[in-house]
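Chain by chain, the residues run as shown.
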Amino acid sequence: MTHFERIIILTGAGVSAESGLDTFRDKGGIWEKYDLTQVATPEAFARDPDMVHEFYNLRRSAVKSVNPNAAHLALARLERDYPGEVLLVTQNVDDLHEKAGSRHLCHMHGELGKVRCTSCREVMDWWDDLTTEAICPLCGKSGRLRPHIVWFGEMPFDLNKIGQFIETADLFISIGTSGTVYPAAGFVQAAMDAGAHTVELNREPSDGFSLFDETHYGPATEVVPQYVEKLLSEAHHETG
């Protein structure tokens, strides 16, 4: 048995799917229903902000109606109870990890429940519908608020913090992600290069499954709690 000192966990849409949120790249996912070039690029927002706001208003409303599942709760338990450092990095823009209790968390692709002002650059919580007439409560300008989402062509958030943690982590876990979107798809290789043990928990093998030392496949609500229980029991056995 091995006790890990620093654990970094990457989660994708597969973690939230069992809470009732659409995944992106699976059949029937969000990008089959919408043309991403029309709703998820800076150019789309400049061209038709009303359409972009409508899309994200729908997504924001959907997130408000769902609850964390057993996978979210297990990861929050790991952060709370594990005798080591745990950093959770999510590609998801929902708030289900927070609702479950996770606090040491990076939203590398942004958050649906936040907006930012293109004038004063401030980021603020926002769960109501957003329109082009909305007024920034901080600087008072109208028409300057946009979803706090990383669109295609934009740089993900917290990459320096994530990269520094990967360099010193001894366990990397990828959960519910297709392994196709960079830079997140490159994290497993970076973790391997740093000497970390690498684990994939997924419904099915990802594109990069061969890079992982250990793999477990099945619904996130089953494989994630099982693996968290294993980590906690082994850690407590060693430290106890």
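Residues numbered from 1 in each chain as written. Predicted model: local features only at pLDDT ≥ 70, side-chain atom pairs only at ≥ 80, totals over all residues. Heavy atoms only, no water.

Identification of the chain as NAD-dependent protein deacylase from Emcibacter nanhaiensis is taken from an unreviewed UniProt entry. For the record of the chain, the UniProt heading Sequence similarities (unreviewed entry) holds the text "Belongs to the sirtuin family. Class III subfamily." Check the Function (unreviewed entry) section of the UniProt entry for the chain; it says "NAD-dependent lysine deacetylase and desuccinylase that specifically removes acetyl and succinyl groups on target proteins. Modulates the activities of several proteins which are inactive in their acylated form." (UniProt positions renumbered as here; feature names shortened; annotations may be inferred.)

(A) Main features of the sheet that holds strand S1 (residues 6-11). Reading across the sheet, the six strands line up as S3-S2-S1-S7-S8-S9 and stay open at both edges, with parallel pairing between neighbours. Pairing within the sheet leaves two strands with one partner each, and these edge strands are strand S3 (105-107) and strand S9 (214-217). Neighbour-to-neighbour, the strand axes of the sheet open up by a mean angle of 15 degrees, direction not taken into account. Summarising the sheet, strand S8 (residues 197-202) and S9 pair through four bridges and their orientation is parallel. What sits directly across from Glu-200, in S9, is Thr-215. Against the sheet, helix H8 (residues 159-168) engages S1, strand S2 (85-90) and S3, with an angle of about 130 degrees to S1. (Pairing = 2+ DSSP bridges. Helix = DSSP H or I, 4+ residues; strand = E, 2+ residues; numbered from the N terminus. Axes fitted to C-alpha atoms, helices over the stretch in contact; angles between N-to-C directions. Contact = heavy atoms within 4.5 Å.)

(B) Inspection of the side chain of Thr-41 at higher detail. By the secondary structure assignment, Thr-41 is in the loop between helix H3 (36-39) and helix H4 (42-47). With a relative accessible area of 10%, Thr-41 lands in the buried category. Not counting residues up to four positions away in its chain, the partners in contact with Thr-41 are Leu-36, Trp-151 and Phe-152. (Buried < 20%, exposed > 50% of the residue type's maximum accessible area, 1.4 Å probe, protein only.)

(C) Focus on the environment of Ala-100. Along the chain, Ala-100 falls in helix H7 (residues 96-100). For Ala-100, a relative accessible area of 14% translates into the label buried. In this structure, the C-alpha to C-alpha distance between Ala-100 and Pro-68, residues 32 residues apart in sequence, is 5.8 Å. Every residue in contact with Ala-100, bar those within four places of it in the chain, is listed here: Pro-68, His-72, Leu-73 and Ala-76.

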